[in-house]
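Take a look at the letters that make up each chain.
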Amino acid sequence: VDLEAVTPAGVFALATPFCDATRIDMPGRLSHDGRHVAFASDRNGEPQIWVADRDGSGLRSVSGLADGFENAGSWSPDGRFVAVSGAVHGNTDIFVVSVEGGSSRRLTEAPAIDSDPEWSGDGRWIYYTSNASGRSEIWKVPAAGGTPVRLTTGGGFEPRESSDGRVIYFVEAGARNGLGVAADR
């Protein structure tokens with residue numbers, strides 16, 4: 001959508017299809033520099049993560065989990081990787097894929113639903129939502145692999161790091177259903 005092509009009534013006048021397909025495309029994420037988009041699609045018959053330039057050129061598949069489904073999460077700060085959630089054999093985990101393609105690297109393996117990965121600004125952590133504790137909470141795992149750490153105890157999902165890297169904002173899941181803040185990152 002061209003954000004500058006607005007009619008006097010405030011309606012966006014120019015919308016152009018992006019990497020048009022006849023199959024299902026899931027919403028994607030822009031790279032930090034705004035030059036590339038990562039998104040999930042089954043455009044070739046198998047669920048995969050795809051990367052393209054902002055204008056839709058340079059389209060390429062960068063991953064594919066056998067018998068699985070993937071959703072694009074967020075880009076690494078250096079733009080070389082995308083954190084994704086993928087369901088394989090009934091278990092949803094967090095993976096990292098190279099934008100150059102190749103095998104996905106699994107970061108979580110608990111019998112839980114791990115989703116909505118968000119890369120930290122310093123590239124060291126990937127924050128995500130997991131129900132490993134019995135309810136939706138915010139967790140983090142080292143981007144290089146390692147032991148996951150639970151950050152919340154009162155529920156939460158959709159973690160996002162502040163621009164200065166000092167706090168994690170998330171949507172609270174519970175009685176209040178509002179915005180929460182986790183200062184211990």
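Note that the coordinates shown come from a computational prediction; the quantities given were computed from them, not determined experimentally. Here the residue index of a chain counts from 1 through its sequence in written order. For this predicted model, a pLDDT threshold of at least 70 governs which residues receive local features, and a threshold of 80 or more governs which side-chain atom pairs are given and counted, while totals over whole chains, interfaces and linings are taken from all residues. Think of the side-chain values as coming from all heavy atoms in the structure, minus any hydrogens and water.

A. Representation of the overall build of the chain. Secondary structure follows DSSP: runs of H or I at least 4 residues long count as helices, runs of E at least 2 residues long count as strands, and numbering of each begins at the N terminus. Helices and strands together make up the secondary structure of the chain, namely 0 helices and 15 strands. Burial analysis of the chain (185 residues in total) assigns 42% to the buried set. Here, residues are in contact when the closest pair of their heavy atoms is within 4.5 Å. If you take every contact in the chain between residues at least 6 apart in sequence, the share linking residues at least 24 apart comes to 27%. Burial classes: relative accessible area under 20% of the type maximum marks a residue as buried, over 50% as exposed, and values in between as partly exposed (1.4 Å probe, protein chains only).

B. Molecular detail of the sheet that holds strand S12 (residues 149–150). We call two strands paired when DSSP finds no fewer than two bridges between them. One open sheet accounts for 4 strands, arranged S9-S10-S11-S12; its pairing is antiparallel. The two strands at the open ends of the sheet, each matched to only one other strand, are strand S9 (114–119) and S12. The pairing of strand S11 (residues 137–142) with S12 spans 2 bridges and is antiparallel. Bridge pairing links Lys 140 to Val 149 in S12.

C. The side chain of Asp 114, seen in detail. Relative to the elements of secondary structure, Asp 114 occurs in strand S9. For the purpose of charge, His is not counted, nor are the chain termini; Lys and Arg are scored as positive and Asp and Glu as negative. Each salt bridge in this description consists of a side-chain nitrogen of Lys or Arg and a carboxyl oxygen of Asp or Glu lying within 4 Å of one another. Buried charge Asp 114 goes without a salt bridge, the closest partner of opposite sign being Arg 106 at 7.8 Å. Here a polar contact means two N or O atoms within 3.5 Å. Within protein one must be a hydrogen donor candidate and the other an acceptor candidate, and residues neighboring in sequence count only if both atoms are side-chain atoms. Only 2.8 Å separates the side chain of Asp 114 from the side chain of Thr 108, close enough to count as a polar contact. Polar side-chain contacts of Asp 114 include one of 2.5 Å to the side chain of Ser 130.

D. How the structure looks around the nonpolar core. Side-chain atoms within 4.5 Å are what join buried Ala, Val, Leu, Ile, Met, Phe, Trp, Tyr and Cys residues into a set we call a nonpolar core. Ala 38, Ile 49, Val 51, Trp 75, Val 82 and Val 84 are the most contacted members of the largest nonpolar core, which totals 13 residues. Those elements giving two or more residues to this core turn out to be strand S2 (36–41), strand S3 (48–53), strand S5 (68–75), strand S6 (81–88) and strand S7 (91–98). Ranked by the residues each element gives to this core, the list is headed by S6, at 3 residues. Every residue in contact with Trp 75, bar those within four places of it in the chain, is listed here: Arg 29, Leu 30, Ser 31, His 32, His 36, Val 37, Ala 38, Val 51, Phe 81, Val 82, Val 99 and Trp 119.

E. Highlighting the packing of aromatic side chains. By convention, a stacked pair of Phe, Tyr or Trp rings (six-membered ring in the case of Trp) has centres within 6.5 Å and planes under 30 degrees apart, an edge-to-face pair has planes over 60 apart, and any other such pair is tilted. Scanning the model with the defined rule gives 0 aromatic pairs in all. We call a charge positioned above a ring when the Lys NZ or Arg CZ atom is no farther than 6 Å from the ring centre and deviates by at most 35 degrees from the ring normal. When the ring centre of Trp 125 is taken as reference, the NZ or CZ atom of Lys 140 above it lies at 4.0 Å.

F. Local environment of the pattern of salt bridges. Evaluation of the coordinates by the stated rule reveals 8 salt bridges. Between Asp 116 and Arg 160 there is a salt bridge, with its nearest N and O atoms 3.3 Å apart. Note that Asp 116 is positioned in strand S9 and Arg 160 in strand S13 (residues 157–161), a separation of 44 residues in sequence. Linking Asp 122 and Arg 124 is a salt bridge whose minimum nitrogen-to-oxygen distance equals 3.9 Å.

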